Amino acid sequence: MKKIFEIAKINPLFQGIALVDFEHMLNCLSTRTAMYRKGDMILLSGGCVNFVGLILSGSVKIIREDVSGNATILAKLTVSEIFGEVFACAEILHSTVTVQAVEDTEVLFIDYSRIIMSCTSACNFHTQLIKNMLKLVARKNIMLNQKLEILSKRTTRDKLLCFFDFQRGAAKEFTVPFNREEMASYLCVDRSAMSNELCKMRDDGLLKFNRNQFEIM
């Protein structure tokens, strides 16, 4: 239980929740855990969404497919991050995205209705959870706006520069959460063209990189 708490407390959803209340909270929220192997589908597009998933180990990627079956990576989530909260909060019954395990992954599932509705015991943590959920949804909206800004750029270089700007914050050196194929999918560009553009940017003295480690010059 303490191990789960140490992971959960990092996520803003559980901000302000004390360890002494945590076990009772998990019981009250009807939580369950599940293990997935690399490549397993945790949630399929069109599937029912009435939960919030907290990643306890491993990582997942959020994928959207078009009518032709072309997949685009919307996000990659790692330990202590959550998924499903936007659909559940908006009362969208069926997911418009697929969630896939990038590696062996363990997920804690939380009944969303138990988060937003106070139970008969009037648990103190419910008010805090509702406040935290509102903050989470607002932050997710900011992330989506950032993605829209990146995709609005006309050239591959401009998309890369905008993406790196969001990733690095105020730091010169930073790590992106994607490999080359995933990053190309996230940016909606051709992988070979993106790799060529990265090399040109390096030759132009704009950046240095080694795998997914980057430094803005």
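Residues numbered from 1 in each chain as written. Predicted model: local features only at pLDDT ≥ 70, side-chain atom pairs only at ≥ 80, totals over all residues. Heavy atoms only, no water.

Chemist: Any details on the overall build of the protein chain? Residues and values, ideally.
Modeler: A count of helical and extended segments in the protein chain gives 8 helices and 11 strands. Viewed in the frame of its principal axes, the protein chain has a C-alpha envelope of about 65 × 40 × 30 Å. A fraction of 70% describes how many contacts in the protein chain between residues 6 or more apart in sequence connect residues 24 or more apart. Summing over all exposed atoms, the protein chain offers an accessible surface of approximately 12,000 Å²; the carbon and sulfur share of this is 51%. Charged side chains of the protein chain number 27 positive and 24 negative; the gap between the two group centres comes to 3 Å. (Helix = DSSP H or I, 4+ residues; strand = E, 2+ residues; numbered from the N terminus. Contact = heavy atoms within 4.5 Å. Areas by Shrake-Rupley, 256 points an atom, 1.4 Å probe, with all protein chains shown as cover. Lys, Arg positive; Asp, Glu negative; His and termini not counted. Charge placed at Lys NZ, Arg CZ, Asp CG, Glu CD.)

Chemist: How would you sum up the pairing of strand β5 (residues 71–78)? Please name residues and give values.
Modeler: The pairing of strand β4 (residues 59–65) with β5 spans 7 bridges and is antiparallel. Paired with Lys61 across the two strands is Lys76, which belongs to β5. (Pairing = 2+ DSSP bridges.)

Chemist: Provide a residue-level description of the nonpolar core, including the pertinent values.
Modeler: Ranked by size, the top nonpolar core spans 25 residues in total, and within it Phe14, Phe22, Met25, Ile115 and Leu129 carry the most contacts. Those elements that provide at least two residues to this core are α1 (2–8), α2 (19–28), β3 (51–57), β8 (105–111), α4 (112–116) and α5 (125–151). Setting aside anything within four residues of it in sequence, one finds Ile115 in contact with Leu29, Val52, Ile110, His126, Leu129, Ile130 and Met133. Judged by nonpolar contacts, the second largest core, of 20 residues, contains Ile150, Tyr186, Val189 and Phe214. (Core = buried A, V, L, I, M, F, W, Y, C linked by side-chain atoms within 4.5 Å. Buried < 20%, exposed > 50% of the residue type's maximum accessible area, 1.4 Å probe, protein only.)

Chemist: Tell me about the sheet that holds strand β2 (residues 41–43), and please be specific about residues and values.
Modeler: What the 4 strands build is an open sheet, ordered β2-β7-β4-β5; its pairing is antiparallel. What marks the edges here is a single partner per strand, and that holds for β2 and β5. The sheet shows a mean angle of 30 degrees between the axes of neighbouring strands, direction not considered. The sheet strands contacting helix α7 (residues 180–187) are β4 and β5, and the helix crosses β5 at an angle near 115 degrees. (Axes fitted to C-alpha atoms, helices over the stretch in contact; angles between N-to-C directions.)

Chemist: Please give an account of the packing of aromatic side chains that cites residues and values.
Modeler: Inspection of the entire model under this criterion finds 14 aromatic pairs. Ring centres 6.1 Å apart and planes at 75 degrees place the aromatic pair Phe14 and Phe22 in the edge-to-face group. A residue is classified by how much of its surface remains accessible, and Phe14, at 2% relative accessible area, is buried. Ring centres of Phe164 and Phe214 lie 4.7 Å apart, and the angle between their planes is 40 degrees; this geometry places the pair in the tilted category. Linking Phe164 in helix α6 (residues 156–168) with Phe214 in strand β11 (residues 213–216), this pair joins segments that are 50 residues apart in sequence. The pair formed by Phe164 and Phe214 is uniform in burial state, with each residue classed as buried. Members of the aromatic cluster, joined through ring pairs, are Phe163, Phe164, Phe174, Phe178, Tyr186, Phe209 and Phe214. Lys147 extends its terminal NZ or CZ atom over the ring of Tyr186, reaching a point 4.3 Å from the ring centre. (Phe/Tyr/Trp six-rings, centres within 6.5 Å; stacked < 30°, edge-to-face > 60°. Lys NZ or Arg CZ within 6 Å of the ring centre and 35° of its normal.)

Chemist: Give me unusual backbone geometry: which residues, what numbers.
Modeler: Here the phi dihedral of Ser80 falls at roughly 80 degrees; this positive angle occurs in a residue that is not glycine. In this model, Arg211 sits at a positive phi of 60 degrees, which is unusual for a non-glycine residue. Judged by relative accessible area, Arg211 falls into the exposed class, the value being 69%.

Chemist: Give a description of α5 that names residues and reports values.
Modeler: For α5, with 27 residues, the first-to-last C-alpha span of 39 Å sits near the 39 Å given by 1.5 Å per residue. Turning to α5, its buried residues are Phe125, His126, Leu129, Asn132, Met133, Leu136, Lys147 and Ile150. (Expected span 1.5 Å × (residues − 1).)

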